[in-house]
Amino acid sequence: MLRRRMETKRPVPHAILVGVQLPGVDDAAHAASIAELGRLVKTLGYEVVGTLSQRREALDGATVLGKGRLHDLAALTGGTGVVGTMATATRSKARERFDEGAEPASMPDAPGSDMPPSADVVIVDHEISPSQARNLERATGAEVLDRTGVIVEIFHRHARSREAKLQVEMARLQYVVPRLRESSTGGGRQRGVGAGESNIDLDRRKVRDRRAELKAQLDEIQRDDEQRRSARGEQLRVALVGYTNAGKSSLMRALTGSEVLVADQLFATLDTTVRALRPETSPRVLVSDTVGFIKKLPHDLVASFRSTLAEALDASLLLYVVDASDPTYAAQLEVTRSVLHEIGADAVPSMLLLNKMDRVDDAGRAVLADDHPDAIFLSASSAADVAALRATVIAFFEAAMVEDRLTLPYAKQGLLGVVYENARVLSEDFDADGRILHIRGLPGGIARLHKILSAS
């Protein structure tokens, strides 16, 4: 039994990261992008065995890289380095050529021995066209993925709720459609003489039908979500937003006591979680954890998760969570602001939280304080920091609250719970008409209470 398990265990794919440094991208930004791609690939369970970079004015329209670097890449994958005109070379022949003595290109970034392991997968740190991917596969004999494909696959693996799974499938189909013509199983082969529909036409029709089905299901779910958000319309809502792996889920756990997943990997959670701030306040404050952002986040995924991001749009306060220990935190913050601007959420009041400060030295703290004097320094693992943040959030809402008096007739005492949900009761008294409540809350919530009392 043990031998059978060992024989059937799939080997870990070896990946080569490929990046092209374009004009306007400095060395630090290029290196940070490649490093982030490496973390994405690791999240997929691949082993990165090296990187290959090239400076170019633009991506090569056919093969992304120039001829010289393409041959270097092919030497690491067992390919010929030549695109050719035939179908994609099989892996077995590529392996044979490599084993017969093809010299590997130098790979200073590859870990381990002098000669890095032959790679099974080439990961390109750009969004490339289907024809570019096909040509790279022919030249290298390896599977080729671009950055968008990696992100879409991670989203597919991490989706848990029905809504997230539908959203990710929509994005995957959008990604697959233009690549059907280039696939090895697509092409123009006919289903039969006179059938009138090629395999590629059939595949595209299936995709269109499936997308229409998914859209109908998502529309139904989103209508239900809108009703739930509308029901919470007068409640105080805080949304945690930020770059993936910035610590939003850890902070969500600390603020609400919820058992949300916390993992040191990119896009560990995709589903929006809404929980009450703990200890509970009156009126109650709801906290939501939204999907994380990333540089070059595919627009199709942004569109698919627009309903999830609506939590940020409908929030009373946004907390921008930033990993202050990351050297590229400023660029990550800019990505977050850009995506929120795209959906119109940049007008929502916000606070900047510089998280993971326990990993920042004194000199770094001084620089951050100069650059962001209004930011809140904290570590989600520090109970004192979380308690201070909770007090700051409550003080933010307190500043907008007003006091008022309500008369709750004796015949309507069943509405007392509604009053406590929407306002803080400062004192109670009684007279001939009913219970006299001195309350404090937001103007909208108090107006809603007056409306409920007058209508019931």
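What you see is a predicted model, and the numbers here were worked out from it, not measured in a lab.

Cut-offs used in this document
- Residues numbered from 1 in each chain as written.
- Predicted model: local features only at pLDDT ≥ 70, side-chain atom pairs only at ≥ 80, totals over all residues.
- Heavy atoms only, no water.
- Helix = DSSP H or I, 4+ residues; strand = E, 2+ residues; numbered from the N terminus.
- Contact = heavy atoms within 4.5 Å.
- Axes fitted to C-alpha atoms, helices over the stretch in contact; angles between N-to-C directions.
- Parallel < 35°, antiparallel > 145°, perpendicular 65-115°, else oblique.
- Nonpolar A, V, L, I, M, F, W, Y, C, P; charged D, E, K, R; others polar.
- Polar contact = N/O pair within 3.5 Å; in protein donor to acceptor, adjacent residues only side chain to side chain.
- Phe/Tyr/Trp six-rings, centres within 6.5 Å; stacked < 30°, edge-to-face > 60°.
- Buried < 20%, exposed > 50% of the residue type's maximum accessible area, 1.4 Å probe, protein only.
- Lys NZ or Arg CZ within 6 Å of the ring centre and 35° of its normal.
- Pairing = 2+ DSSP bridges.
- Expected span 1.5 Å × (residues − 1).
- Core = buried A, V, L, I, M, F, W, Y, C linked by side-chain atoms within 4.5 Å.
- 1 Å grid on protein atoms, 1.4 Å probe; cavity = no way out; pocket = protein on both sides within 12 Å on 5 of 7 lines; lining within 4 Å.
- Points joined across faces, edges and corners; volume = space filled by probe spheres on them.

A. Broad picture of the overall build of the protein chain. A count of helices and strands for the protein chain gives 16 helices and 13 strands. Considering only intrachain contacts with a sequence separation of at least 6, the fraction spanning at least 24 residues in the protein chain is 68%.

B. Main features of the packing of helix H3 (residues 67–77) against helix H5 (residues 130–140). Interhelical geometry of H3 versus H5 gives an angle of 60° and a closest axis separation of 8 Å. As summarised for this structure, H3 and H5 are arranged oblique, according to the angle between their axes. Judged by residue contacts, Leu70, Leu73, Ala74 and Thr77 of H3 engage Leu136, Ala139 and Thr140 from H5. Looking at the contact of H3 with H5 residue by residue, the classes come out as five nonpolar, two polar and no charged.

C. Region of interest: the side chain of Glu398. Among the structural elements, Glu398 can be located in helix H14 (residues 383–398). Side-chain polar atoms of Glu398 contact the side chain of Arg440, separated by 2.9 Å. If sequence neighbours within four positions are ignored, Glu398 has contacts with Arg424 and Arg440.

D. Layout of the packing of aromatic side chains. In the structure shown here, the tally under the stated rule is one aromatic pair. Consider the rings of Phe396 and Phe397, whose centres lie 5.2 Å apart with planes at 75°: the pair is edge-to-face. Of the residues examined, Phe397 reaches a relative accessible area of 4% and is grouped as buried. Against the face of Tyr320 rests Arg337, its NZ or CZ located 5.9 Å from the ring centre.

E. Local environment of the pairing of strand S12 (residues 424–430). Across six bridges, the pairing between S12 and strand S13 (residues 434–441) is antiparallel. Directly across from Val425, in S13, lies its bridge partner Ile439.

F. Quick look at H14. With 16 residues, H14 should cover 22 Å at 1.5 Å per step; its first-to-last C-alpha distance of 22 Å lies within 8% of that length. Val386, Leu389, Val393, Ile394, Phe397 and Glu398 are the residues of H14 that are buried.

G. Local environment of the environment of Met357. With respect to the element layout, Met357 can be found in the loop between strand S9 (350–355) and helix H13 (362–371). Separated by 22 residues in sequence, Met357 and Ser379 place their C-alpha atoms 5.5 Å apart. Discounting residues that sit within four places of it in the chain, Met357 has contacts with Ala324, Arg365, Leu368, Phe377, Leu378 and Ser379.

H. Representation of the nonpolar core in the model. Tyr46, Ile123, Phe293, Leu318, Leu340 and Leu354 are the most contacted members of the largest nonpolar core, which totals 46 residues. The element that contributes the greatest number of residues to this core is helix H12 (residues 329–342), accounting for five residues. If we skip the residues at most four places from it in the chain, Leu318 touches Ala239, Val241, Ala312, Leu340, Ala345, Val348, Pro349, Ser350 and Met351. Among the nonpolar cores identified, the runner-up in size contains 24 residues, and Val287, Met351, Leu378 and Val393 belong to it.

I. Focus on the sheet that holds S9. Strand order in the open sheet formed by six strands is S6-S7-S5-S8-S9-S10, and the pairing between neighbours is mixed. The sheet is open, and its two borders are formed by strand S6 (273–276) and strand S10 (376–377), each paired with just one other strand. Judged from the five bridges that link them, strand S5 (residues 236–242) and strand S8 (residues 317–323) form a sheet pairing that is parallel. Counted as the bridge partner of Val241 is Tyr320 from S8. Taken strand by strand, helix H9 (residues 248–256) contacts S5, S6, strand S7 (285–289), S8 and S9, and its axis lies near 160° from that of S7.

J. Representation of empty space enclosed by the protein. Applying the stated rule across the entire model yields four cavities of 30 Å³ or more. Lining the largest cavity are Val241, Gly242, Tyr243, Ala246, Tyr320, Val321, Val322, Asp323, Gln332, Leu333 and Thr336. Secondary-structure elements contributing two or more residues to the lining of the largest cavity are S5, S8 and H12. In terms of residues, the lining of the largest cavity owes the most to one element, S8, which gives four residues. Class assignment of the residues belonging to the lining of the largest cavity gives a composition of seven nonpolar, three polar and one charged.

K. A look at the sheet that holds strand S4 (residues 143–146). One open sheet accounts for four strands, arranged S2-S1-S3-S4; its pairing is parallel. Each of the sheet's edge strands pairs with one partner strand only, and the pair in question is strand S2 (47–55) and S4. In this sheet, adjacent strand axes meet at a mean angle of 25° when their direction is disregarded. In the packing of helix H2 (residues 27–43) onto the sheet, the strands contacted are strand S1 (14–21), S2 and strand S3 (121–124), and the crossing angle to S1 comes to about 155°.

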